Amino acid sequence: MLRRLSLRARLFLLLILPLVAVAAAASFARYQAAHRMSEELYDNTLLAVALTISRDVVISEGDVLTEQLLDELTTALGDPVYYRITGPGGSFVTGYSDPPDLPDGAVIAGGEPVFFDSISLDRPVRAVVLREFISEPQFGGWVTVEVWQTVSQRIALSRELVTQSVLLLGSVILTAALILWFGIQLGLKPLLDLRDAIGERSADDLRPIRRWTPPELGPLVQTTNSLFDRLAQAFALRDGFISDAAHQMRNPVAAIQSQAEAAISAPTEAELRARVIDLAESARATSRLTSQLLSLERVRGRSLKALMQPVDLPALIRNRIRPFAEIQLRRDVDVAFSVLGTPRMIDCDPVLVEEMVANLLDNAAKYALHPGGHLDVSVAFQPRSVNIRFADDGPGVPPELRERIFDRFFRLDEDQSRGCGLGLAIVSDVARAHDGTARCFSERSGAVFEVTFDR
């Protein structure tokens, strides 16, 4: 439930709940201390009353207490006071004849008062029993004084103490809640201002946040600025890609349109067939361009974490090379495949790796392989990496262009019928998606394209 609350509510609850607990504990402790103090005060007063009654009875030689004294005691204590005095040998001297029963096992020692709670006339009472030695002719010996009192005033005092504790707790909590609420409001104001500043921006405004923020918000602002920077770069790449794709698609589409219009006006059937052949070739080139554009975007948008799996890399590449080698064999091109090192399963996305291999083979077929030529494909397993090499004996790539050929829509020549400049860009993106690299270099003749996966 706490996770669904706002930050303001979370802070408020996390601060106020411990405070409520501490205040409640403090109020309870205060109530207990006050209750014990009131009990001691009432008991001491009850003992003083017992001594007073004892002295008055002795002085009056066993007479009953005067009504005036009882009224004064009741007025002073707030509850009626009852008493009984027993002389030596248990002889009744004066007072009431039905005192509350002593607790079981209670021992009345001389000079030591015994306090206890009991019931008298169906009402709860607090009683004290005191034995005194009286040196007086009529009461000579040990005299037992029993005094008891109803506890209505004590209960009222306890209720008053509870009420005071509750009121004190409520006022403390209410005051603390108000202070915390407004304090949290002021404390969160920089965060709310930052939220409003970001909310007022347009969708295209990805400038870094330059306003002052508290030190605690520094990491958040830095992360947000980093996100804005990455988004700006991604949008720039997207816009560039869309612009390049639109430019690349414009020419093939225009060619298809013009060739279709030319086919309509063909004067003869032979001329019509020739123009339809050109139209079909342009349509195939456009289809290839569209397919590679989709492949490129699929590589960029594919989530590898969910699609990674152990793959037998040599078997995957061998299956892609076998039909390619059969086609090239008809052109008198030799295609070889070898595995170096100790093979092992490699965690990768098999769909993307197949797309990468297909583009490297397509690139070799279009630009490097010629009758009598040779293509050597190898997979080399290193302790911490695996290298996939495509080495041909074609014309090669000029050193100054070996990095640029991995850019989108870059071609070594202007002949668009041979490609659209996306194959090697797909290869590079697949390598990066697997935390690897793709590079082009030359050993003796031709070109070598090498993809390295750190696995």
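Above this note sits the structure.
We now turn to the structure provided with this report. (Residues numbered from 1 in each chain as written. Predicted model: local features only at pLDDT ≥ 70, side-chain atom pairs only at ≥ 80, totals over all residues. Heavy atoms only, no water.)

So, on to the sheet that holds strand 2 (residues 92-95). Taken in spatial order, the five strands make up an open sheet running 2-1-5-4-3, and their pairing is antiparallel. Each edge of the sheet is formed by a strand with only one pairing partner; in this case those strands are strand 2 and strand 3 (114-120). Adjacent strand axes in the sheet meet at a mean angle of 25° when their direction is disregarded. Where strand 3 meets strand 4 (residues 123-134), seven bridges bridge the pair, whose relative direction is antiparallel. Across the sheet, the residue bridging to Phe115 is Val128, located in strand 4. (Pairing = 2+ DSSP bridges. Helix = DSSP H or I, 4+ residues; strand = E, 2+ residues; numbered from the N terminus. Axes fitted to C-alpha atoms, helices over the stretch in contact; angles between N-to-C directions.)

Judged by side-chain polarity, Leu174, Leu178, Trp181 and Phe182 come together as a nonpolar surface patch covering roughly 430 Å² of accessible area. Mapped onto the secondary structure, Trp181 falls in helix 3 (residues 152-199). (Patch = residues over 30% accessible without salt bridge, like charges linked within 9 Å, V, L, I, M, F, W, Y side chains within 5 Å. Areas by Shrake-Rupley, 256 points an atom, 1.4 Å probe, with all protein chains shown as cover. Salt bridge = Lys/Arg side-chain N within 4 Å of Asp/Glu carboxyl O.)

With that settled, consider the nonpolar core. Core analysis: the largest hydrophobic core is formed by 39 residues, its most contacted members being Ile317, Met356 and Phe449. Those elements that place two or more of their residues in this core are helix 7 (313-329), strand 8 (346-348), helix 8 (350-367), strand 9 (374-381), strand 10 (386-392), helix 9 (423-433) and strand 12 (448-453). No other element matches helix 8, which puts seven residues into this core. Aside from chain neighbours lying at most four places away, what touches Met356 is Ile388, Val427, Val430, Val451 and Phe453. Within the second largest apolar cluster, 15 residues are counted, among which are Tyr83, Ile85, Val93 and Leu130. (Core = buried A, V, L, I, M, F, W, Y, C linked by side-chain atoms within 4.5 Å. Buried < 20%, exposed > 50% of the residue type's maximum accessible area, 1.4 Å probe, protein only. Contact = heavy atoms within 4.5 Å.)

Here we come to the pairing of strand 12. Within strand 12, six of the six residues are buried, leaving the element largely enclosed by the surrounding structure. Of the two faces of strand 12, both are covered, the one formed by Val448, Glu450 and Thr452 as well as the one formed by Phe449, Val451 and Phe453. Sheet topology note: the strand 10/strand 12 ladder contains six bridges and is antiparallel. Within strand 12, the position partnered with Arg389 by the bridge is Glu450. Alignment of strand 11 (residues 437-441) against strand 12, held across five bridges, turns out to be antiparallel. Following the sheet pairing, Phe441 is matched in strand 12 by Val448. The hairpin turn running from strand 11 into strand 12, its antiparallel successor, is six residues long, and Gly446 in that turn takes a positive phi close to 75°.

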